[in-house]
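Residues per chain, in single letters:
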Amino acid sequence: MAIISSKQESEPENQPPAPSRDRSNPPRVDLLQPQATDYEQGKQEDSIRPQRFADYIGQKDLKEVLDIAIKAAQARNETLDHLLLYGPPGLGKTTMALILAASMGVSCKITSAPAIESPRDIVGLLVSLKPGEILFIDEIHRLSRMAEEILYPAMEDYRVDITIGKGKGAKTRSIALQKFTLVGATTRAGSLSSPLRDRFGLVQRLRFYQPDELSQIILRTAQILQTEISDDGAAEIAVRSRGTPRIANRLLKRVRDYAQVKAAAAINATVASQALELFQVDPCGLDWTDRQMLSVMIEQFNGGPVGIETMAAATGEDTQTIEEVYEPYLMQIGYLQRTPRGRVVTASAYKHLGFKPPNEQLSLLQ
Ligand code: ADP
C-alpha cells in the first residue's frame with residue numbers, strides 16, 4: 001500500500017547546491033508519513049478504526065452523499081453504485097469502504113492494485129463475490145491494462161469475459177457475476193484512465209481534516225486505548241498531524257509512551273508538546289523533507305517559482321511522493337502555491353522557517 005520513495009535515477013539539471021543552514025544528517029521523521037506501516041495494517045489497528053458512520057469524524061459532504069446513496073439503494077433493494085474515493089493517504093478511504101459495507105449489511109473484500117498481478121487474480125476475486133458485496137481496490141490507478149479491461153464489463157453488466165484457448169481456436173466465454181459494488185481508492189484521480197473513471201457512479205474526494213476534527217479523533221482513540229488526555233493535549237497533537245487521522249493516531253501513541261515513561265498522570269498540552277518536540281515533530285506538522293524543500297526554495301531560488309524536479313532533487317524524494325504526499329499538505333496550510341511557472345513559497349512559510357518574507361526585505365531596503 002505504501003508509495004515507495006526512490007532517489008532520482010539521473011541527476012536533473014539545475015540541481016540546487018547543498019543548503020547552507022544546519023541541516024546535516026537530518027533525522028527522518030517517519031512518524032509523519034501518511035502511509036500505513038506494516039504494524040498499522042495489523043489487527044490492533046482495527047480496534048481504533050471507526051466501524052459506523054457516527055464514529056467517522058469529519059468529511060461532512062462525503063458522508064451526506066453516501067448516506068443518500070445508501071438509503072436510495074436500500075429503498076430500491078439494489079446494490080450501491082460503484083464509488084471512487086480519492087485523496088491523500090491516511091484520510092479514511094479504506095475505513096469508509098468498511099463502514100459502507102457494514103451499513104449495507106454486506107462484507108467487504110480488500111485488495112490493492114499492485115497485488116493483482118495477473119488477469120486470473122482479478123477474475124478470481126470477481127467470481128468469488130457474493131450478492132451486494134463490496135470489493136475495495138486500493139491504488140486503483142495502478143491496475144494493469146488487462147485487469148482494467150476485465151473490470152469494465154464486470155462493473156457495467158456484472159459479467160467477466162474470459163478467453164479460452166489461443167489463436168484461431170480461441171473462444172470467449174462470459175461468466176455472470178453477482179451484483180457487487182466496486183469501491184476504488186486512489187491518491188491520483190488524474191492518473192485513472194477515463195473509461196475506468198467513467199464507470200464509477202459516484203466520485204468523491206476526501207479532504208484534509210481540520211484541527212478540531214483531528215482533536216475529536218484523538219480523544220476517541222485515547223478512549224479506546226484507555227489513555228487519559230485533556231482537550232488541550234488532544235489539540236496540541238491535532239495541529240501537528242498534517243490534517244491526517246492516521247498520523248494523529250500514530251502521534252497519540254508516541255505521546256502516550258512518553259507520558260507513561262515520564263510518569264505523567266495524563267496527556268496535557270505540555271506533555272504533548274514536550275514529547276512531540278523530542279520526536280522532532282514541528283508545531284505545524286512539518287518534517288525534515290518539508291522544511292528542506294521550502295528552505296532550498298527560499299535560499300537558492302528566492303522562493304520560486306521552482307519546478308517539481310528541483311524540489312525532488314533538494315530532498316532526495318521522487319517527484320510522485322512530492323506531488324502526492326508533501327505538496328498537498330503544504331498547499332492546504334498555505335505554505336506553497338502552484339503556479340503555471342512552478343511552485344512558489346508563501347510569506348507564512350518564510351515566517352514559519354525563520355526567514356524574512358520578500359516584501360518585508362524590500363521595505364527594509366527602502
Ligand atoms: P486511507 O485508506 O485513506 O489510507 P484509512 O481508512 O486506512 O486511510 O485510515 C487510516 C486510519 O485513520 C484508520 O485506521 C482510522 O483509525 C483513522 N481514521 C481515518 N478516517 C477517520 C475518521 N473520519 N474518523 C476517525 N478515524 C479515522
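Just so it is clear, the structure is predicted and the values come from calculations on it, not from any experiment. (Residues numbered from 1 in each chain as written. Predicted model: local features only at pLDDT ≥ 70, side-chain atom pairs only at ≥ 80, totals over all residues. Heavy atoms only, no water.)

Some words on the sheet that holds strand β3 (residues 134-138)
Within the open sheet, the five strands sit side by side as β2-β3-β6-β1-β7. Their pairing is parallel. Of all the strands in the sheet, the pair left with one neighbour each is β2 (108-112) and β7 (202-205). Sheet twist, expressed as the mean angle between neighbouring strand axes with direction ignored, is 15°. Here β2 runs beside β3; their pairing, made up of five bridges, is parallel. Across the sheet, C108 pairs through a bridge with I134, a residue of β3. Here helix α3 (residues 93-104) sits on the sheet and contacts β1 (83-86), β2, β3 and β6 (181-186); the angle it forms with β3, its principal contact strand, is near 175°. (Pairing = 2+ DSSP bridges. Helix = DSSP H or I, 4+ residues; strand = E, 2+ residues; numbered from the N terminus. Axes fitted to C-alpha atoms, helices over the stretch in contact; angles between N-to-C directions. Contact = heavy atoms within 4.5 Å.)

With respect to the pairing of β1
One ladder, built from four bridges, connects β1 with β6; its direction is parallel. Looking at β6, one finds that L84 is bridged to G184. Sheet topology places β1 next to β7; four bridges connect them, and they run parallel. Bridge pairing in β7 places L85 opposite Q204.

A word on the packing of helix α2 (residues 60-76) against α3
Put simply, α2 and α3 touch, their axes get as near as 11 Å, and they point 30° apart. In this view, α2 runs roughly parallel relative to α3, as classed from their interaxial angle. Seen from above, α2 lies across α3 with right-handed handedness. Facing L62, K63, L66, I70, A73 and Q74 of α2, the residues of α3 in contact are M96, L100, S103 and M104. Looking at the contact of α2 with α3, its residues break down into seven nonpolar, two polar and one charged. (Parallel < 35°, antiparallel > 145°, perpendicular 65-115°, else oblique. Left-handed = near helix turned anticlockwise from the far one by under 90°. Nonpolar A, V, L, I, M, F, W, Y, C, P; charged D, E, K, R; others polar.)

Structural notes on the confidence of the model for the protein chain
Averaged over all residues, the pLDDT of the protein chain equals 88, while 89% of them reach at least 70. Counting contacts from residues 1-25, a segment whose pLDDT is below 50, to residues more than four positions away or on other chains yields 51 contacts. (pLDDT = per-residue confidence, 0-100.)

Remarks on the pattern of salt bridges
The full count for this structure, using the stated rule, is 20 salt bridges. We note a salt bridge from K109 to E133, for which the minimum N-O separation is 3.6 Å. Here K109 is found in strand β2, whereas its partner E133 is found in the loop between α4 (119-127) and β3, with 24 residues between them in sequence. On the basis of relative accessibility, which here comes to 25%, the residue K109 falls in the partly exposed class. R338 serves as the salt-bridge partner of E327, at 2.7 Å between the closest nitrogen and oxygen. Within this pair, whereas E327 is found in helix α13 (residues 319-332), its partner R338 is found in strand β8 (residues 336-339), the two being separated by eleven residues in sequence. Among the residues examined, E327 registers a relative accessible area of 0% and is labelled buried. Taken together, the shared-partner salt bridges in this structure form one network comprising E323, E327, R338 and R343. (Salt bridge = Lys/Arg side-chain N within 4 Å of Asp/Glu carboxyl O. Buried < 20%, exposed > 50% of the residue type's maximum accessible area, 1.4 Å probe, protein only.)

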